[in-house]
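Fold and geometry: a report
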Amino acid sequence: MGVRDGALLVVGDVVTDVIARHQGPLASGTDTVAAVRTVPGGAGANVACWAAHRGCAEVRLLGRVGEEAAAWHERELTASGVRPCLVVDPQAPTGTVICLVDTGAAAERTFLTDSGASLLLDPGDWSDALLDGVAWLHLSGYLLFSEPSRALVRVALESARARGVPVSLDPASAGFLVELGVDRFLASVEGVDVLLPSRDEACLLTGLPDAEDAAAKLSRHVPLVVAKQGSDGALLARSGAVSARVPAVPATPRDTTGAGDAFTGAFLAALLTGAGPEEAAREGCRAGASAVERVGGRPPTPG
């Protein structure tokens, strides 16, 4: 894709994940036994950490957090090899997501999300200097779900286009996409070079039930679509047709939180180290398999 040497800049959400792993249905009105952990998360932050973990030489992250957790998140990002550029919100708390993970065979998760400061990034938090030395810009789709951060996306896209920096975006949440609306989403991603939806997001954005048809249709709006299919691997589509099918890597899932973020981070790291899109997708599948065998959305920290 003609990617130049340089840094990856991720702009997106930094949140605190409270992960509750339980078995079987929740017992309404009473107790359900669960293993509960509090870990750093956020789709944008997770992508950045996985990109650094998978070999991207320099990864930067622009995000917004509350005062109460800013130092912790900065330490965790730095430990993962990411250079944090965190805006500290004087009023809003850090975003928090409660992740309910059923420990059955699929390890499927359900999110309860309080976005807090994470979606209060606005154009005032952007500077064109953030792109100095940057070869690729990645935007978390969560930014599209509030007006301030949607305005930031517009400014960042314009700045990247002016510098010739390619841009990718992960739609992030089928549930929030329903609220935003398909037309508004597609208008917001005009100018993006790579779109990385999940199967559900691709089908929602096109109204098509088949993932291949959905990826193909989306590739008429965005030059390259990399549709993440979970245990079915990934699809690559260009110019209205599927161009490659990449198989998944077998894994025994413990927690699927952040698996898509792992794919995206590894995909971008591979592109920035010279791989083509298909090989980059294979790296993404490997990272996704690694992610589901861990609790939480981040890779292990070095050491």
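The following refers to the structure shown. (Residues numbered from 1 in each chain as written. Predicted model: local features only at pLDDT ≥ 70, side-chain atom pairs only at ≥ 80, totals over all residues. Heavy atoms only, no water.)

Some remarks on the sheet that holds strand E11 (residues 224-228)
Put simply, the test is: Pairing between strands requires that DSSP locate at least two bridges from one strand to the other. Only DSSP runs of H or I covering at least 4 residues are called helices, and only runs of E covering at least 2 are called strands; the numbering of each starts at the N terminus. Contacts are assigned to residue pairs that have any heavy atoms within 4.5 Å of one another. The angle between two axes is taken between their N-to-C directions and runs from 0 to 180 degrees, where each axis is a line fitted to C-alpha atoms and a helix contributes only its stretch in contact.
Spatial strand order, E5-E4-E1-E8-E9-E10-E11-E12-E13: nine strands in an open sheet with mixed pairing. What marks the edges here is a single partner per strand, and that holds for strand E5 (82-89) and strand E13 (241-246). Of the pairings in the sheet, the one linking strand E9 (residues 167-170) to strand E10 (residues 194-195) comprises two bridges and is parallel in character. Among the inter-strand pairings, Ser-168 is bridged to a residue of E10, identified as Val-194. Lying on the sheet, helix H2 (residues 70-79) is in contact with strand E4 (59-66) and E5; it crosses E5 at an angle near 170°.

Description of the sheet that holds strand E6 (residues 95-102)
Sheet architecture is open: four strands sit in the order E3-E2-E6-E7, paired in mixed fashion. Every other strand in the sheet has two partners, leaving strand E3 (34-41) and strand E7 (109-114) as the edge strands with one partner each. The sheet shows a mean angle of 20° between the axes of neighbouring strands, direction not considered. Relative to E7, E6 runs antiparallel, the two sharing six bridges. Note on E7: the bridge partner recorded for Val-97 is Thr-113. Relative to E3, H2 is tilted by about 80°, and along the sheet it contacts strand E2 (15-22) and E3.

Description of unusual backbone geometry
Although it is not a glycine, Ala-172 adopts a positive phi angle of roughly 85°. One can find Ala-172 in the loop between E9 and helix H4 (174-180). The phi angle at Ser-239 is positive, at roughly 50°, despite the residue not being glycine. If you trace the backbone, Ser-239 turns up in the loop between strand E12 (234-238) and E13.

Focus: the pairing of E2
We apply this condition: To sort residues, take the accessible area from a 1.4 Å probe on protein chains only and compare it with the maximum for the residue type: under 20% means buried, over 50% means exposed, and anything in between is partly exposed.
Across the eight residues that make up E2, a large majority, seven, are buried. Here eight bridges tie E2 to E6, and the two strands are oriented parallel to one another. Bridging from a neighbouring strand, His-22 pairs with Asp-102 of E6.

Observations regarding the packing of helix H6 (residues 199-206) against helix H7 (residues 211-218)
For clarity, the cut-off: Take the far helix as your reference; a near helix turned counterclockwise from it by less than a right angle gives a left-handed crossing, and one turned clockwise gives a right-handed crossing. Throughout, the ten residues Ala, Val, Leu, Ile, Met, Phe, Trp, Tyr, Cys and Pro are labelled nonpolar, Asp, Glu, Lys and Arg are labelled charged, and all others, Gly among them, are labelled polar.
Between H6 and H7, the shortest axis-to-axis distance is 9 Å and the interhelical angle comes to 65°. In terms of crossing hand, the pair formed by H6 and H7 is left-handed. On H7, the residues that touch Arg-199, Ala-202, Cys-203, Leu-205 and Thr-206 of H6 are Ala-211, Ala-214, Lys-217 and Leu-218. When the residues that make up the contact of H6 with H7 are grouped by side-chain class, the tally is six nonpolar, one polar and two charged.

Considerations on the nonpolar core
For clarity, the threshold we go by: We call a set of buried residues a nonpolar core when its members are Ala, Val, Leu, Ile, Met, Phe, Trp, Tyr or Cys and they connect through side-chain atoms within 4.5 Å of each other.
With 45 residues, the main nonpolar core has Val-11, Trp-126, Leu-137, Leu-139 and Phe-185 as its most contacted residues. Phe-185 has contacts with Leu-144, Leu-169, Pro-171, Leu-177, Leu-180, Leu-195 and Leu-205, leaving out every residue within four places of it along the chain. By size, the runner-up hydrophobic cluster in this structure holds 37 residues, among which are Val-10, Val-14, Ala-244 and Ala-270.

Notes on helix H8 (residues 259-272)
Quick reminder of the rule: To estimate the expected span of a helix, count its residues, drop one, and scale the result by 1.5 Å.
Under the 1.5 Å per step criterion, the end-to-end length of H8 is 20 Å for 14 residues, consistent within 8% with the ideal 20 Å. The buried count for H8 comes to 13 of 14 residues, which makes it a mostly enclosed element. The first or second residue beyond H8 is Gly-274, which carries a positive phi of 105°.

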